[in-house]
Amino acid sequence: MKIAVLGAGALGCAMGSCLSEAGHEVWLINRRADHVEAMNKYGLSVRTHGVDRNVLVKAALTAQEISAQTGVVDLIVVLVKSFHTQEAITSATAIVGPNTVVLSLQNGLGHEDVLAEVVGRDKVLAGKTYAGGVMLGPGRIIRGTEGKETYIGELDGHLTERVQRIAQAFNDAGLITHISDNIMGTMWEKLLVNVATGALSGITHLTYGDLYQVPEVKACALAAVQEAIDVAKASGIRLSIDDPEQPWIKAATGLPPEFKASMLQSLEKGSVTEVDYVNGSVVRWGQKCGVPTPVNRTLVACLKGIERGLFA
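A brief structural summary. (Residues numbered from 1 in each chain as written. Predicted model: local features only at pLDDT ≥ 70, side-chain atom pairs only at ≥ 80, totals over all residues. Heavy atoms only, no water.)

With that settled, the discussion passes to the overall build of the chain. A tally of regular secondary structure across the chain gives 13 helices and 12 strands. In terms of C-alpha radius of gyration, the chain reaches 18 Å, essentially the compact-globule figure of 20 Å for 312 residues. Once the C-alpha set of the chain is aligned to its principal axes, its extents read approximately 50 × 40 × 35 Å. Here the chain holds 312 residues, and 55% of them are scored as buried. Summarising the internal contacts of the chain: among those between residues at least 6 apart in sequence, 71% fall at separations of at least 24. Roughly 12,800 Å² of accessible area belongs to the chain as shown, and the carbon and sulfur atoms make up 52% of that amount. (Helix = DSSP H or I, 4+ residues; strand = E, 2+ residues; numbered from the N terminus. Rg over C-alpha atoms; globule rule 2.2 N^0.38 Å. Buried < 20%, exposed > 50% of the residue type's maximum accessible area, 1.4 Å probe, protein only. Contact = heavy atoms within 4.5 Å. Areas by Shrake-Rupley, 256 points an atom, 1.4 Å probe, with all protein chains shown as cover.)

Right, let's get into unusual backbone geometry. Even without being a glycine, H49 presents a positive backbone phi close to 55 degrees. Using a relative accessible area of 68% as the deciding quantity, one classes H49 as exposed. Phi is positive for H205, which is not a glycine, with a value near 60 degrees. Relative to the helices and strands, H205 is located in the loop between α7 (183-204) and α8 (208-211). Classification of H205 by relative accessible area gives partly exposed; the value is 41%.

On to the sheet that holds strand β3 (residues 44-48). Taken in spatial order, the 4 strands of this open sheet run β4-β3-β10-β9, and their pairing is mixed. Strand pairing shows two members of the sheet lacking a second neighbour, β4 (51-55) and β9 (132-137), which therefore form its edges. Looking at each pair of strands side by side, their axes are set apart by 30 degrees on average, direction ignored. One ladder, built from 5 bridges, connects β9 with strand β10 (residues 140-144); its direction is antiparallel. Residue G132 lies in a different strand from β10, and its bridge partner there is G144. Running over the sheet, helix α1 (residues 10-21) touches β3, β4, β9 and β10 and is turned about 75 degrees from β10. (Pairing = 2+ DSSP bridges. Axes fitted to C-alpha atoms, helices over the stretch in contact; angles between N-to-C directions.)

Our focus in this paragraph is helix α6 (residues 161-172). For an α-helix, the turn length of 3.6 residues means that residues three or four places apart are oriented alike. In a regular helix each residue adds 1.5 Å, so 12 residues correspond to 16 Å; α6 covers 16 Å between its end C-alpha atoms and thus fits that length. On its buried face, α6 is in contact with α1, β6 (73-78), β7 (96-104), β8 (124-129), β11 (149-154) and β12 (176-179). Just downstream of α6, G174 is the residue with a positive phi angle, here 85 degrees. (Expected span 1.5 Å × (residues − 1).)

To continue, consider the pattern of salt bridges. A complete count under the given rule lists 13 salt bridges for this structure. A single salt-bridge network, built from bridges that share partners, covers E21, R53 and R143. (Salt bridge = Lys/Arg side-chain N within 4 Å of Asp/Glu carboxyl O.)

Quick look at the packing of helix α12 (residues 279-289) against helix α13 (residues 294-311) now. For the pair α12 and α13, the least separation of the axes is 8 Å and the interaxial angle reads 135 degrees. Looking at the two axes, α12 sits oblique to α13. In terms of crossing hand, the pair formed by α12 and α13 is left-handed. Of the residues in α13, those touching α12 at N279, G280, V282, V283 and Q287 are N296, R297, L299 and V300. (Parallel < 35°, antiparallel > 145°, perpendicular 65-115°, else oblique. Left-handed = near helix turned anticlockwise from the far one by under 90°.)

With respect to the element layout, Y151 can be found in strand β11. C-alpha of Y151 to C-alpha of F170: the two residues are 19 residues apart in sequence and 10 Å apart in space. A distance of 3.3 Å separates polar atoms of two side chains, one belonging to Y151 and the other to E149. (Polar contact = N/O pair within 3.5 Å; in protein donor to acceptor, adjacent residues only side chain to side chain.)

Turning to the sheet that holds β11, a few remarks are in order. Read across the sheet, 8 strands follow the order β5-β2-β1-β6-β7-β8-β11-β12 without closing on themselves; strand pairing throughout is mixed. Each of the sheet's edge strands pairs with one partner strand only, and the pair in question is β5 (58-60) and β12. For this sheet, the mean inter-axis angle between neighbouring strands, taken without regard to orientation, is 25 degrees. Pairing geometry for strand β1 (residues 2-6) and strand β2 (residues 25-29), over 5 bridges, is parallel. Bridge pairing links L6 to I29 in β2. Docked against the sheet, α1 engages β1, β2, β8 and β11, running at close to 165 degrees with respect to β2. On top of the sheet, helix α2 (residues 33-42) reaches β2 and β5; it is set at about 155 degrees to β5, its chief contact.

Sheet topology places β11 next to β12; 4 bridges connect them, and they run parallel. What sits directly across from T150, in β12, is T177. Note on the crossover from β11 through α6 to β12: the handedness is right-handed. (Right-handed = clockwise from strand over helix to strand, strands pointing away.)

Shown next as structure tokens:
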């Protein structure tokens, strides 16, 4: 398959490197010139189990560069930050053809609607991944994909040939991928994992190895997740999770102690976080269904304050 990863940061490079090693033509799109140059010149340095190795990849600053070399692609995996979704997919229309599928694996809720406005709802698949990555520098990542599951599905829940084909390609690349017929429930269950650790990691600046050693942090995480579970159920979302400790445990499973949640990585890179699309989503949905969300509201406020201090 011809695959473009739109927003090839740490996670995008982690997944893209797996697909590239499996023999697919993978293009990693990132706006950082030093990152793209390093990957094209030296390959992508991937660290797994403490060992670094180079993976040959193709990288580009824009979709137009890819279009000029290879035309349209079969699959676009969208992994840009939530607040860049519309801008990013609009800039990528040069590689969208009649049969191109656009798959969002972003954190939070609502990206599918934004993508559909640009490329059409018939091209969009939804999904969530528990895989991760840490950026060590231009062209260098820690890959956190081993044992981490990805879920993808049609927006209407139907089992189609294209979703089966994509799931097979991911599985063949070592990315454990399941097809969901309840994608909204799947998306909410991933949201619970992000609620458990994202904001707290950003606020405390702790890696997972330290975050999980503080009982008060765990208590706060479980309270935030329980609020999200209550909101989902009140909103008619079908969940397979009813214990808030499950997402807390799942968040760190298979990841090294030095792993950092994406919100902390954003702050360290000098960027705002996706808290509005994670904990903020819980708050907004809670307002609609009448479920109080004081813990998530507080976490949003704390991160907004941190962002204000860093970027004002």
